[in-house]
Amino acid sequence: MPNSPVPPDAAAQAPGPRDPADLFWSFTWLALQGFGGVVAVVQRELVERKGWLTNEQFVEDWAVAQILPGPNVVNLSVMIGDRHFGLRGALAALAGMLTLPLLVVLALAMGYAQFADHPAVAGALRGMGAVAAGLVAGTGLKLAAALRRHPLGLAPCALLAALTFIAMGLLRLPLFWVLPVLGGAAYALTWRRTAP
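What counts, and at which threshold
Residues numbered from 1 in each chain as written. Predicted model: local features only at pLDDT ≥ 70, side-chain atom pairs only at ≥ 80, totals over all residues. Heavy atoms only, no water. Helix = DSSP H or I, 4+ residues; strand = E, 2+ residues; numbered from the N terminus. Polar contact = N/O pair within 3.5 Å; in protein donor to acceptor, adjacent residues only side chain to side chain. Contact = heavy atoms within 4.5 Å. Phe/Tyr/Trp six-rings, centres within 6.5 Å; stacked < 30°, edge-to-face > 60°. Buried < 20%, exposed > 50% of the residue type's maximum accessible area, 1.4 Å probe, protein only. Patch = residues over 30% accessible without salt bridge, like charges linked within 9 Å, V, L, I, M, F, W, Y side chains within 5 Å. Areas by Shrake-Rupley, 256 points an atom, 1.4 Å probe, with all protein chains shown as cover. Salt bridge = Lys/Arg side-chain N within 4 Å of Asp/Glu carboxyl O. Axes fitted to C-alpha atoms, helices over the stretch in contact; angles between N-to-C directions. Parallel < 35°, antiparallel > 145°, perpendicular 65-115°, else oblique. Nonpolar A, V, L, I, M, F, W, Y, C, P; charged D, E, K, R; others polar. Core = buried A, V, L, I, M, F, W, Y, C linked by side-chain atoms within 4.5 Å. Expected span 1.5 Å × (residues − 1). Arc of directions from axis to C-beta.

1. Let's talk about the side chain of glutamine 43
Following the sequence through the fold, glutamine 43 ends up in helix H3 (residues 38–49). Within the structure, glutamine 43 has its side chain in polar contact with the side chain of asparagine 55 (distance 2.9 Å). Contact partners of glutamine 43, with chain neighbours within four places excluded, come to Glu48, Asn55, Phe58, Thr139, Lys142 and Leu143.

This is the structure:
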């Protein structure tokens, strides 16, 4: 399981989950809040409320979670669970992310099947798309502050972010190509700056 490079003194001072049950219930609560812009909820819960990660650690872990196959937040939960309690923690966090939300989604799917043609339901779903986009944008701005302490510095990080936005948002290039090219460039530049 990939772990982010956390300085030993920061890891020792940061509070963590008390036990695997704490992981299970924390990630269950997080998953039940995660309608739409889940990154905003994850950052608020794990960094601001619980203090399990700093903003910098969250950015690093979220980057790793994004390049792994599968849902980002599920990957992140497994990484955090593994970091604190090994396999037991990873399984507890994964169960928390999936069990209750699966039941809720099944119930909503059955309800949606009955009311999908209703104009109010269609309008509500279109409106929620704008809210989800706002949540993601707001969290992105909040996390951008962590880039000031990145080894590359703020200007190169901002350039890489802008290139990623242009490639995916404007040119609509597939993630399959953008991630290895721009992600690989970011990795190589950071490695060059931090290598002894």
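2. Some details on the packing of aromatic side chains
Considering all chains together, one arrives at 4 aromatic pairs under this definition. Measuring from ring centre to ring centre gives 4.8 Å for phenylalanine 24 and tryptophan 25, while their planes differ by 85 degrees; the resulting arrangement is edge-to-face. Owing to a relative accessible area of 55%, tryptophan 25 belongs among the exposed residues under this scheme.

3. Some points on unusual backbone geometry
Even without a glycine there, the phi angle at arginine 172 is positive, about 55 degrees. Along the chain, arginine 172 falls in the loop between helix H7 (154–170) and helix H8 (175–194). Relative accessible area serves as the criterion here: at 65%, arginine 172 is assigned to the exposed category.

4. With respect to a nonpolar patch on the surface
Taken together, the side chains of Leu159, Leu163, Phe165, Ile166, Leu170, Leu171 and Leu173 make up a nonpolar region of the molecular surface, amounting to roughly 690 Å² of accessible area. Tracing the backbone through its elements, the reader meets leucine 173 in the loop between H7 and H8.

5. Overview of the packing of H3 against helix H5 (residues 72–115)
Relative to each other, H3 and H5 sit at 20 degrees, their axes nearing to 11 Å. What the angle tells us is that H3 and H5 run roughly parallel. Residues Val38, Val42 and Leu46 of H3 form the contact with H5, whose participating residues are Val73, Leu76 and Ile80. Looking at the contact of H3 with H5, its residues break down into 6 nonpolar, no polar and no charged.

6. Considerations on the nonpolar core
Ranked by internal contacts, the top residues of the largest apolar core, which has 22 residues, are Phe27, Leu30, Val42, Leu46, Phe58, Leu76 and Ile80. Listed by contribution, the elements that provide at least two residues to this core are helix H2 (20–33), H3, helix H4 (55–67) and H5. Sequence-distant contacts of valine 42, defined by excluding residues within four places in its chain, comprise Leu30, Val47, Phe58, Trp62, Val73 and Leu76. Membership of the second largest hydrophobic core comes to 6 residues, among which are Cys157, Leu160, Ala167 and Leu182.

7. As for H7
When the terminal C-alpha atoms of H7 are compared, their 23 Å separation across 17 residues agrees well with the 24 Å that a helix rising 1.5 Å per residue should span. Within H7, the full set of buried residues consists of Cys157, Leu160 and Ala167. On an axial view of H7, the arc spanned by its buried residues comes to 95 degrees, and they lie on one face. Seen from the buried face of H7, the exposed residues on the opposite side, beyond 90 degrees, are Ala155, Leu159, Phe165 and Leu170. Where H7 is buried, its residues touch H8. Arginine 172, located one to two residues past H7, shows a positive phi value of around 55 degrees.

8. Here's the deal with the pattern of salt bridges
Within this structure, the stated rule accounts for 4 salt bridges. Across the salt bridge formed by aspartate 22 and arginine 18, the nearest N and O atoms sit 3.7 Å from each other. For aspartate 22, a relative accessible area of 10% corresponds to the buried category. Residue arginine 18 is classed as exposed on the basis of its relative accessible area of 67%.

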